[in-house]
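Chain by chain, the residues run as shown.
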Amino acid sequence: MEDWNPRSWQTRPARQQPVYDDPAYLENVVQQLSALPPLVTSWEIERLKTQLAEAALGQRFLLQGGACAESFDHCDAIVITNKLKILLQMSLILTYGLKRRIIRVGRFAGQYAKPRSSNDETRDGVTLPSFRGDLINRQPFTPEDRRPNPDLLLRGYEHAALTLNFIRALVDGGFADLHHPEYWDLDFVKHSPKASEYQKMVQSISDSLRFMETLAGIEPAQVNRVDFFTSHEGLHLHYEQAQTRRVPRRVGWYNLGTHYPWIGMRTAELDGAHVHFFRGIQNPIAIKIGPGMTREWLRELLDVLLSNNEPGRLTFIHRFGHEKVATCLPPLIDEVRAAGKTVLWCCDPMHGNTEKTPSGLKTRKFDNILSELEQSFDIHSSCGSFLGGVHFELSGDNVTECIGGARGLSEIDLTRAYESQVDPRLNYEQALEMALLIGRKMESMNRLQA
Ligand code: PEP
Ligand code: CO
């Protein structure tokens, strides 16, 4: 790719980038970041790509989830372990219901930059830059906090490294061992209305494992091993550029700051800087697509980002909302088929279903989230494609941000533990229940096909 290098995006229009008041200092920080060790390796990236290629064919299933935005203040042991626990529990439930291996991808270790609808925010006649995430500026409404500060790029890299280091140590140390699902129980699993259903599944999986080991003599190292991969929105291009490197014995450039970056639709214009940057990296990548996506735009994205139809390379994460998915999705599935390309289809049932309560809180209804998911499974099945993954905003904690679920959280409950500074997340119980219902949906689809 002759016209590409990690910084060539700078010649294209880049949306959603902060304006720094000292470009020379920014450049200095980018140089420092470029010299630091990578967070992930090309081996891991290639392994994930292979697994995503299998998911695109219906042989595996992608579970991607985490907070809308990570914050430096929440980079602590409890928040990180709880996030792993909920992803592990959901993946266990999905394995059971879907009879497929699950690929676990966190929205973590780098999800620090957010797209904003406006560059500025005005309060009481004072206008300051909008808060764009901890990688860029800070939330308090003061000129100093809101000033985009290049040093935060280094703090972001460090927090991502700390997060990833802890996750790797937990996983390697046996935390995610399938023989010990009790390690990942969260305290309130015992009180959940869905607890007994979950415990039964865990028991059955433990029994199967033991069966394989004792009767079949299978060395379960492969079964035991649970991987986590990282992902974040590849929004801040100086940060992404700084971590994009060549590696020995492989062709091309790898973004070694995360395994699996995605582009939001706000930054997915064809001739924009983000599509240009993503074109040149070897990582598997995803693009969020919403109701504004046209067949022509999708086709051009396929031409640019999946020119050689490499398996596992491209995921479309669709997020239309429960009211629009039935009309928006089928033409796009058709377009991919017409282009002769294979992508992984993943449903984000969160971002098209955001609403505001009369009191002004952002929320999402459990039933609408579920409805978009169930419709998506059906639409793919009737269009002859597969829904190969799901993408959630969730928390391993007992927050009250989304309405509904088995415990019937209502609007009044929302104020009790509403912690998100950005989008509302499913709490632990709601996420677990969602996994149970997806499993059930797949079981009934499989029965119908049998
Ligand atoms: C997000 O994933 O947090 C997000 C901003 O989503 P979208 O770009 O799909 O609205
Ligand atoms: Co969000």
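Everything quoted here is computed from the prediction, not taken from an experiment. (Residues numbered from 1 in each chain as written. Chains lettered and ligands numbered in written order. Predicted model: local features only at pLDDT ≥ 70, side-chain atom pairs only at ≥ 80, totals over all residues. Heavy atoms only, no water.)

(A) Quick look at the pattern of salt bridges. As enumerated under the stated definition, the model contains 28 salt bridges in all. The partner of Arg168 in a salt bridge is Glu44, and the shortest N-O contact between them spans 2.7 Å. Of this pair, Arg168 sits in helix H5 (residues 151-172) while Glu44 is found in helix H2 (residues 42-56), placing the two residues 124 residues apart along the sequence. Assessed through its relative accessible area of 32%, Arg168 is described here as partly exposed. A salt bridge links Glu393 to Arg107; the shortest N-O distance between them is 3.1 Å. Residue Glu393 is found in strand S14 (residues 389-393), and its partner Arg107 is found in strand S2 (residues 101-107); the two are separated by 286 residues along the sequence. Each member of the pair, Glu393 as well as Arg107, is classed as buried. Look at the salt bridges and you will find they share partners, linking Arg107, Lys362, Arg364, Glu393 and Asp423 into a network. (Salt bridge = Lys/Arg side-chain N within 4 Å of Asp/Glu carboxyl O. Helix = DSSP H or I, 4+ residues; strand = E, 2+ residues; numbered from the N terminus. Buried < 20%, exposed > 50% of the residue type's maximum accessible area, 1.4 Å probe, protein only.)

(B) Highlighting the coordination of the cobalt ion (ligand 2). Note on the cobalt ion (ligand 2): its protein donors are Cys68 (SG), His351 (NE2), Glu393 (OE) and Asp423 (OD). The metal-donor distances range over 2.0 to 2.3 Å. Mapped onto the polypeptide sequence, the residues donating to the cobalt ion (ligand 2) form the spacing pattern C-x282-H-x41-E-x29-D. Here Cys68 is found in the loop between strand S1 (60-66) and helix H3 (77-98), whereas its partner His351 is found in the loop between strand S11 (344-347) and strand S12 (354-356), with 283 residues between them in sequence. Relative accessible area serves as the criterion here: at 18%, His351 is assigned to the buried category. (Donors = N, O, S within 2.8 Å, 3.2 Å for Na, K, Ca; no water.)

(C) Region of interest: the packing of aromatic side chains. The full count for this structure, using the stated rule, is seven aromatic pairs. Ring plane angle 55 degrees and centroid distance 6.2 Å describe the contact between Trp4 and Trp253, whose orientation is recorded as tilted. Placement of Trp4 in the segment before helix H1 (23-35) and of Trp253 in strand S7 (residues 253-255) is noted, with a sequence separation of 249 residues between them. Judged by centre distance (6.3 Å) and plane angle (15 degrees), the ring pair of Phe61 and Phe377 falls under stacked. Within this pair, whereas Phe61 is found in strand S1, its partner Phe377 is found in helix H12 (residues 366-382), the two being separated by 316 residues in sequence. For the pair shown, Phe61 and Phe377 are each scored as buried. Of the aromatic side chains, those joined through ring pairs into one cluster are Trp4, Trp253, Phe277 and Phe278. For the cation-ring pair, Lys99 lies above Tyr96, with the distance from its terminal atom to the ring centre recorded as 5.1 Å. (Phe/Tyr/Trp six-rings, centres within 6.5 Å; stacked < 30°, edge-to-face > 60°. Lys NZ or Arg CZ within 6 Å of the ring centre and 35° of its normal.)

So far we have only geometry, and geometry alone does not tell us how the molecule works.
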